[in-house]
Amino acid sequence: MIAVDVSRLSYRYGKVFALRDLDLAIPEGAFYALLGPNGAGKTTLLQLLMGMRRIQQGRVSLLGVERSALSIREKSTIGYIAEGQALPKWMRLEELERYLSPLYPTWDAALANDLRERFDLDPRRKIRTLSRGEYMKAALLCALAPRPKLLLMDEPFTGMDVLVKDELVRGLLDVAGNEGWSVVLSSHDVGELELLADWVGFLDAGHMQLSEPMEALRKRFKRVEVVLRDDTNRPAATLPTEWMSVERAGVRVSFIAPNFNETFVSDVLPAHFPDAARIEVFEATLRDVYLALATRERSRARREEAA
Amino acid sequence: MLPFAVALKSGESPYRQIVYAATKAVVSGELKPGDPFPSVRELSQALKLNPNTCQKVIAELVRDGLLEVRPGVGTVVTAARRSSAAERRELLSGQVEQLLVEAKRLGLAEADVLNAVAARWSHLFGERRDASR
């Protein structure tokens, strides 16, 4: 089953298109990292998924149901943590839980207790007294207690210290991960997403530049380092345009190839570098790929502007 | 903490890193037949790794014959099994040839390779003779 199904979604603020003909399909049970630079449209996309913005163009289905047709019960199986999630500061945590639980037919009080203990949160404390990390733990507790089949989180770890992030990640993996719930986590910081996520999407310039399983990304994106035999001046124009982050210094050339396969080593590389002394192929890190894609997009945008 | 050494490096498939680390632990005797192997949940928590990936790791190790699932007990390390003639051939001619071709390309001598192999073998497995042979 497809947990999140988006088809030709466009959204503009005035004349500016935040999302442009965006297609997205996230399978059930996936832990999906939605990456993209600031201002790429991640928050807009998540708000559209959650029904917080009117759909101007396109279609959105969650857990197999058209967004507008979701029943109350179905909606209670969809959790959301907004960027800087606003919790009522004057409430105590226990009051907030008592307030929220009747709104969710699937609220699991035992799970809420487990999470509260796990995160070491005092239920009697007022939310305004919580530190940033405790606040996010409280938000995560409230989002997980209804046992959501689909959890959407907008930059939940941004600005969190390492210790808190560690606890949040483990809590999330232990509960959502082991239950097989679908999780969509947006971030502009690659961080530990490489281990957490098994699907990754890159949103930039209004649509998904890529969206695929993490393993597939690893197989096709490689960092290649070439050492030429001498300083022959090979003009950059002769290298395939799909190669990204191409860098040259003396006899060294390095780049990120997005389409690596067996013939790459046997045919493609020798064809472009017949005079190579050494060629090494490394797996590209998620950070490498993210930087390469974001940089390429910046250049493309600047070229369009100049034209 | 996990009963075998694994430090995940960025830029390499965590799945392959863990399968390798576990395989190394089993063949070197660090993990012995009958030892319990961490569950999906334990791997996920210890490494902060997606449980789907952990599931694939365990499935691969079961397929390779290093682990078995015992009902009511969980996943345990299996006793050493006989390898097939095909597997041995692939390693002893296939992979060895790759190593030798690469060594020659780098200008190494036969003695360099043999010394490196012997040193690494004793580092990993000590002087012990494999009891199953």
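Because the structure is predicted, anything quoted here is derived from the model rather than measured. (Residues numbered from 1 in each chain as written. Chains lettered and ligands numbered in written order. Predicted model: local features only at pLDDT ≥ 70, side-chain atom pairs only at ≥ 80, totals over all residues.)

## Section: the overall build of chain B
Next, step 1: In terms of helices and strands, chain B carries five helices and two strands.
Next, step 2: In chain B, the succession of α and β elements from N to C terminus is α-α-α-β-β-α-α.
Next, step 3: When the 133 residues of chain B are sorted by exposure, 20% land in the buried category.
Next, step 4: The contacts in chain B between residues at least 6 apart in sequence include a share of 51% that link residues at least 24 apart. (Helix = DSSP H or I, 4+ residues; strand = E, 2+ residues; numbered from the N terminus. Buried ≥ 20, exposed ≤ 12 C-beta atoms within 10 Å, placed from the backbone. Contact = placed C-beta atoms within 7 Å.)

## Here's the deal with the environment of Lys149 of chain A
Next, step 1: Positionally, Lys149 of chain A belongs in the loop between α5 (132-144) and β7 (150-154).
Next, step 2: In this structure the C-alpha to C-alpha distance between Lys149 of chain A and Gly180 of chain A, which are 31 residues apart in sequence, comes to 8.0 Å.

## A few points about the domain arrangement of chain A
Residue and element names in this part refer to chain A.
Next, step 1: We note that the domain assignment places domain 1 (2-216) and domain 2 (219-306) within chain A.
Next, step 2: At the junction of the two partners, domain 1 supplies twelve residues and domain 2 supplies ten residues.
Next, step 3: Secondary-structure elements contributing two or more residues to the side of domain 1 that touches domain 2 are α7 (193-196), β9 (199-204) and α8 (214-220).
Next, step 4: Counting residues per element, the side of domain 1 that touches domain 2 draws most heavily on β9, which supplies three residues.
Next, step 5: Of the residues that constitute the side of domain 1 that touches domain 2, the class distribution is eight nonpolar, one polar and three charged. (Domains from an automatic or database assignment. Nonpolar A, V, L, I, M, F, W, Y, C, P; charged D, E, K, R; others polar.)

## Description of the packing of helix α1 (residues 14-27) of chain B against helix α3 (residues 51-63) of chain B
Residue and element names in this part refer to chain B.
Next, step 1: Direction vectors running N to C along α1 and α3 enclose 40 degrees, while the axes themselves pass 9 Å from each other. Judged by the angle between their axes, α1 and α3 are oblique. Crossing geometry of α1 relative to α3 is assigned as right-handed. Residues Pro14, Tyr15, Ile18, Val19 and Ala22 of α1 lie in contact with α3, whose contacting residues are Thr53, Lys56, Val57, Glu60 and Leu61. (Axes fitted to C-alpha atoms, helices over the stretch in contact; angles between N-to-C directions. Parallel < 35°, antiparallel > 145°, perpendicular 65-115°, else oblique. Left-handed = near helix turned anticlockwise from the far one by under 90°.)

## A closer look at the interface of chain A and chain B
Next, step 1: Counting residues at the interface gives 19 residues for chain A, matched by 16 residues for chain B.
Next, step 2: Going through the elements one at a time, α6 (162-179), α7, α8 and β14 (276-283) of chain A are the ones with two or more residues in the side of chain A that touches chain B.
Next, step 3: The dominant element in the side of chain A that touches chain B, judged by the number of residues it contributes, is α6 of chain A, at six residues.
Next, step 4: Here the residues of the side of chain A that touches chain B sort into eight nonpolar, three polar and eight charged.

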